[in-house]
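Fold and geometry: a report
Listed below are the residues making up each chain.
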Amino acid sequence: MTLGGDVLTVGVLLAAFGACALAVQSLSIRYGTITSASSEALVVVLLVNVLALVPAAFLLGSPIEELTATSLAAFTAAGLLGTMVGRAMHYEGIKRIGSSRAEPIKASQPLHASLVAVVVLGEVVTAGHLASMIAIVVGIAVITYEHGQSDIGSSAGYAGLAFPLAAAFFYGIEPTLAKIGFGEGSAVLTGLAVKTVSAGIGFLTYLWWKRGLPDLRTVDRRELPWLVAAGVANTLFLLGYYSALELEPVSLVVPLVQSSPLVVILLSVLFVSDDLEQITWRLAAGALIAVAGAIGVTLLS
């Protein structure tokens with residue numbers, strides 16, 4: 001999209017769609033993990049991902065011919081770190097502190113990505129970067145304070161805040177790995193298929209080793225549809241996000257996707273009961289500051 005071009009291009013609309021799909025996923029996970037474990041939620045979401053993306057990859061492309069040793073390793077690592085560990089931390093954070101608090105903290109992903117780039121790649125932090133990072137920290141501090149003052153905070157404790165922070169870190173690593181894979185010439189669906197399959201195998205192996213394989217037949221029948229909905233929403237997000245990246249620059253797509261916490265708060269105000277999500281002006285202000293910082297870090301990268 002050029003500066004003088006149309007604002008509402010297909011890529012922009014796909015990125016906005018991805019942000020909305022992320023918000024729907026987050027709220028669906030909140031409703032689906034009232035009694036169910038976050039591990040059960042992740043298994044269901046990964047299962048939906050695999051059932052949707054793997055057949056699509058083979059029907060619309062040639063994954064075996066497209067993959068190289070480098071792209072296979074990159075997408076596998078992206079699946080294990082981002083899709084498996086990142087989502088596990090993300091879903092547990094939603095279960096513990098709610099989607100309206102977990103999403104803004106998770107949106108600090110660009111901060112972690114920038115810090116990794118400074119340490120690993122030796123990139124320089126500009127004054128604009130620093131100001132944006134400070135905004136993220138301030139936003140998270142406001143959310144942390146508000147969390148401690150709320151009924152949710154008094155029952156869940158501050159430890160729950162560590163989960164979305166960890167999710168943001170692992171989500172911040174994943175794009176670099178995915179970029180390496182796409183640089184080898186692999187198609188989007190091929191990369192997503194490898195990512196989800198590797199994450200599914202990795203997570204099920206971990207649960208088997210811990211002797212904690214979930215029996216989905218025991219999941220609360222009132223919550224299972226919400227977990228399936230989360231899987232569908234996450235699959236739509238992945239398709240929208242990566243399709244947008246094919247059409248528009250990262251500096252445009254990522255800030256739009258990072259607006260998902262604001263969509264979560266809006267949907268929470270309109271549709272979610274107060275016993276699940278308690279929206280206050282401090283929470284909204286903290287989310288706005290954190291998201292603005294995330295957008296700033298991305299645009300100035």
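Overview of the structure.

Scoring rules and cut-offs
- Residues numbered from 1 in each chain as written.
- Predicted model: local features only at pLDDT ≥ 70, side-chain atom pairs only at ≥ 80, totals over all residues.
- Heavy atoms only, no water.
- Helix = DSSP H or I, 4+ residues; strand = E, 2+ residues; numbered from the N terminus.
- Expected span 1.5 Å × (residues − 1).
- Buried < 20%, exposed > 50% of the residue type's maximum accessible area, 1.4 Å probe, protein only.
- Phe/Tyr/Trp six-rings, centres within 6.5 Å; stacked < 30°, edge-to-face > 60°.
- Core = buried A, V, L, I, M, F, W, Y, C linked by side-chain atoms within 4.5 Å.
- Contact = heavy atoms within 4.5 Å.
- Salt bridge = Lys/Arg side-chain N within 4 Å of Asp/Glu carboxyl O.

Structural notes on helix H11 (residues 224-247)
Here H11 spans 35 Å end to end across 24 residues, near enough to the 34 Å set by a 1.5 Å rise per residue. Inspection of H11 places Leu227, Ala230, Gly231, Ala233, Asn234, Thr235, Phe237, Leu238, Gly240, Tyr241, Tyr242 and Ala244 among the buried residues, and these make up the whole buried set.

Structural notes on the packing of aromatic side chains
Inspection of every chain in the model, using the stated rule, returns five aromatic pairs. Between tyrosine 31 and tryptophan 226 the ring centres are 4.7 Å apart and the planes differ by 20°, which places this aromatic pair in the stacked class. With a gap of 195 residues between them, tyrosine 31 in helix H1 (residues 10-32) and tryptophan 226 in helix H11 connect regions that are remote in the sequence. Taking relative accessible area as the criterion, tryptophan 226 reaches 36% and is therefore assigned partly exposed. Relative to phenylalanine 170, the ring of phenylalanine 169 lies with its centre 5.3 Å away and its plane at 75°, an arrangement referred to as edge-to-face.

Quick notes on the nonpolar core
By size, the foremost hydrophobic cluster in this structure holds 21 residues, and its most contacted members are Ile29, Leu42, Tyr91, Phe203 and Leu227. Broken down by secondary-structure element, the contributors of at least two residues to this core are helix H2 (38-60), helix H4 (69-97), helix H5 (99-106), helix H10 (188-209) and H11. In terms of residue count, the dominant contributor to this core is H2 (six residues). Once residues within four sequence positions are removed from consideration, leucine 227 is found in contact with Ile29, Gly32, Thr33, Glu40, Ala41, Val44, Val45 and Val219. In this structure, Ala15, Leu22, Phe237 and Val257 belong to the second largest nonpolar core, which totals 17 residues.

Some remarks on the pattern of salt bridges
Enumeration over the complete set of coordinates arrives at four salt bridges. Across the pair aspartate 215 and arginine 217 runs a salt bridge whose closest N-O atoms are separated by 3.0 Å. Aspartate 215 sits in the partly exposed class, given a relative accessible area of 31%. Residue arginine 217 is classed as exposed on the basis of its relative accessible area, which comes to 66%. Measuring nitrogen to oxygen at the nearest pair gives 2.9 Å for the salt bridge that ties arginine 222 to aspartate 220. Residue classification places arginine 222 among the exposed residues on the basis of a relative accessible area of 67%.

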